[in-house]
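# Examination of the molecular architecture
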Amino acid sequence: MLLHMPKELKQAKWIALCLLVLSCVMWLNKANFAHYKIIASLPLHTALETATIVIFSSVFIVCWNAFGERRKKSSVILAVAFLCTAILVFFHAISFQGMPGFLQAIDMHKSLSFWLISRLIVAVTLLGLTLSSRDTFSSPSQSVAILVAGVLLTTICVAFILIAPEYVPLTYSAESGQTTFKLMGESLLIGLNVLTATLLYRQAVRIKDKHAEERLHIDRASLFVASSTMAMSEVYFSLYTDASDIYVIAGHVYQFLAATAIYRSMVAVNIHAPYATLSAANKKIARSADELSVHKERLTGIIETAIDGIITIDEHQNIILANPAAAAMFGYAIEHMNGTSLNAVIPERHRKSHGSHVKKFGQTGDTRRKMGGNFEDFYVTGLRASGEEFPIEASISSLMENGHRFYTVIFRDITERKIAKEKMAQYHSQLSQLSSALQSIREEERKHIARELHDDLGQLLAALRMDLSLLQRDTEISGKSQKALSSMDQLILTSITTLRRIATDLRPRALDEGGLYFALQTLQKDFTQRHQIECQLRADEDLLNLDDAHSTAIFRIIQESLTNVTRHAKANKVVIEFERTKDELSFSISDNGRGIEEEDMRKSRSFGLVGMRERVKAMQGEFSVGSNHGEGTRIEIHLPLTSIVFSESGA
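No experiment lies behind these values; they were computed from the predicted model shown.

### Here's the deal with the pairing of strand 12 (residues 573-580)
Here strand 11 (residues 534-538) pairs with strand 12 via five bridges, running parallel. What sits directly across from Leu-537, in strand 12, is Ile-576. Taken together, strand 11, helix 17 (residues 548-569) and strand 12 form a β-α-β motif whose crossover is left-handed. Looking at chain direction, strand 12 and strand 13 (residues 584-591) are connected through seven bridges and run antiparallel. Within strand 13, the position partnered with Val-574 by the bridge is Asp-591. The turn linking strand 12 back onto strand 13 is made up of three residues.

Shown next, in the form of structure tokens:
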């Protein structure tokens, strides 16, 4: 995907274009420029080549040391290539025609042979750099092997050209100057450099490599200028006729510019890169420090103004931070708490166990834990400076810093909450006792009223009916009076039946005369007859030989449950089932009605359920209601056997 052309590439393009225009002017006017000769051409040539050698040596140094011991293969190859090129350029410079000891045409042939090989190495290396898509690391031994191999091959090449130049294709002759082979070599170099420049230009406008930071930093825009300039320099080197020709100097100037661009693309960039990275890192650190300072001030403000106490301790249980709220709770000044052992704010009896708890917490690897949240177990207890103990609700967190573990405790004084909880528990206990007493009183009143109705009023009605029966036998009473007496007898009989039902509802005589099992059987039969709802009782008589208090409570629970069935369930079947295990007596009442909604069970006016719960609680049992809409309701009660007293005939 292409982006907007970078600024550096625009500059590189304009430089290459200007150099090309200048070169075209000189190339198209060869006849005019051929007359210009350079007087001090040899010193100028030597100076330009020396500068090129220095630049290529710098490229070697940077590429070789860019990654230390962990080098990329690309950097190793570039380093070795430019080192070998510097060596060849050196021999090209010292063997150039006119240098001491190199005065013959054969010496110029040697110099140009060194030149072609060095240019070919640079061109092929840069082209390979553009074509390489993957890069791997080179071990130190591999890097040294590549370096030794490159230097060795270069040495062999130099020795061969110096010792046996006649075996090297001729590049220069005294009669014709540059040979066809030399010109073909220049053409090949021009083509390679143009291709490299084209590829570098395309790569320079593309998105940067995601892994560029792992490779040698290369400025492809500068390298584009280098390849373009080298291509133009090769054109100059194919046009000159003798060593003092202006085209020789122009070619070497372009070559120097190309070497400078290579220096800029590799050496300068990689020298500047660490400093740029360091500068960016410093700016980032400065920003982080500012942000850290802001966060620190914010955190300090939160800690200082928090109404909860905050304490941080080290591995040795010494306090290293305490906020004003913590100091106020314990009755110390903040300055006094900092550096003090945590044992100063913990009761002596808890110090050993608390220390082991904190140490164990750190070893578990957990980072947070709540402490002392249970009202019935205030194992986290604080100690004020006055010696007063107080309950604490706290949370502890653990953090590792520089190999040391620190613990931060956030806590609050819950003395008032504990007192309120204890008062609520006391009030609830009193209410439960009151409820139990009221139930007992109510049951006694019911029993008394039922006995009065049955024994007194019932006897009176029975006597009245007997007297009325005697009157009905009197033959002197008219037929009309007989009808009235018969109607009165029916009314008295209805009254007796109603009286017995009321008395039974108040206190079934079966409960006192036959026990719980007999009373439940009577309740079952009466319920089925009265409401036409099938009722099953599944129990053994031996299980239900209980004391009066438990018998009455269980009977009332079942009675209230059946009442709820008739009022709300719309059921046609009820099952009452008793079971007894080693530890408890349990029973359930289930129906197949419409069920109870969750919100109906939470209604404050559900006195039936409230009464059943209170009765079960008084017997130290458990009460639960299960219901799904349309699937009936099931009430389960579990009573511990330790709270039940069985009658003498019981199990």
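And the narrative resumes.
### Here's the deal with empty space enclosed by the protein
The tally for this structure, following the rule as stated, stands at three cavities of 30 Å³ or more. Taken as a whole, the second largest cavity encloses approximately 80 Å³ of empty space. Looking at the lining of the second largest cavity, the elements that each hand over two or more residues are helix 5 (105-131), helix 7 (180-204) and helix 9 (246-305). In terms of residues, the lining of the second largest cavity owes the most to one element, helix 5, which gives three residues. A per-class count over the lining of the second largest cavity returns seven nonpolar, two polar and two charged.

### Quick word on the confidence of the model for the protein
Within the protein, residue pLDDT values average 80, and 83% of them lie at 70 or more. Across residues 209-214, where pLDDT falls below 50, the model places three contacts with residues more than four positions away in sequence or in other chains.

### Notes on the sheet that holds strand 12
Sheet architecture is open: five strands sit in the order 11-12-13-15-14, paired in mixed fashion. At either end of the open sheet lies a strand with only one pairing partner, and these are strand 11 and strand 14 (622-627). Pairs of neighbouring strands in the sheet enclose a mean axial angle of 10 degrees, with direction left out of account. One ladder, built from seven bridges, connects strand 13 with strand 15 (residues 633-640); its direction is antiparallel. Among the inter-strand pairings, Ile-589 is bridged to a residue of strand 15, identified as Ile-635. The sheet contacts of helix 16 (residues 515-531) involve strand 11 and strand 12, and relative to strand 11 the element is tilted by about 165 degrees. Across the face of the sheet, helix 17 comes into contact with strand 11, strand 12, strand 13 and strand 15 while running at roughly 15 degrees to strand 13.

### A short note on the packing of helix 16 against helix 17
In contact at an axis separation of 10 Å, helix 16 and helix 17 are set at 15 degrees when each is read in the N-to-C sense. Classified by the angle between their axes, helix 16 and helix 17 sit roughly parallel to one another. At the point where helix 16 passes helix 17, the crossing takes the right-handed sense. Together, Leu-516, Ala-519, Leu-520, Leu-523, Phe-527 and His-531 of helix 16 and Ser-551, Ile-554, Phe-555, Ile-558, Gln-559, Leu-562, Val-565 and Thr-566 of helix 17 make up the contact between the two elements. Class assignment for the residues of the contact of helix 16 with helix 17 results in 10 nonpolar, four polar and no charged.

Criteria and thresholds
Residues numbered from 1 in each chain as written. Predicted model: local features only at pLDDT ≥ 70, side-chain atom pairs only at ≥ 80, totals over all residues. Heavy atoms only, no water. Pairing = 2+ DSSP bridges. Helix = DSSP H or I, 4+ residues; strand = E, 2+ residues; numbered from the N terminus. Right-handed = clockwise from strand over helix to strand, strands pointing away. 1 Å grid on protein atoms, 1.4 Å probe; cavity = no way out; pocket = protein on both sides within 12 Å on 5 of 7 lines; lining within 4 Å. Points joined across faces, edges and corners; volume = space filled by probe spheres on them. Nonpolar A, V, L, I, M, F, W, Y, C, P; charged D, E, K, R; others polar. pLDDT = per-residue confidence, 0-100. Contact = heavy atoms within 4.5 Å. Axes fitted to C-alpha atoms, helices over the stretch in contact; angles between N-to-C directions. Parallel < 35°, antiparallel > 145°, perpendicular 65-115°, else oblique. Left-handed = near helix turned anticlockwise from the far one by under 90°.

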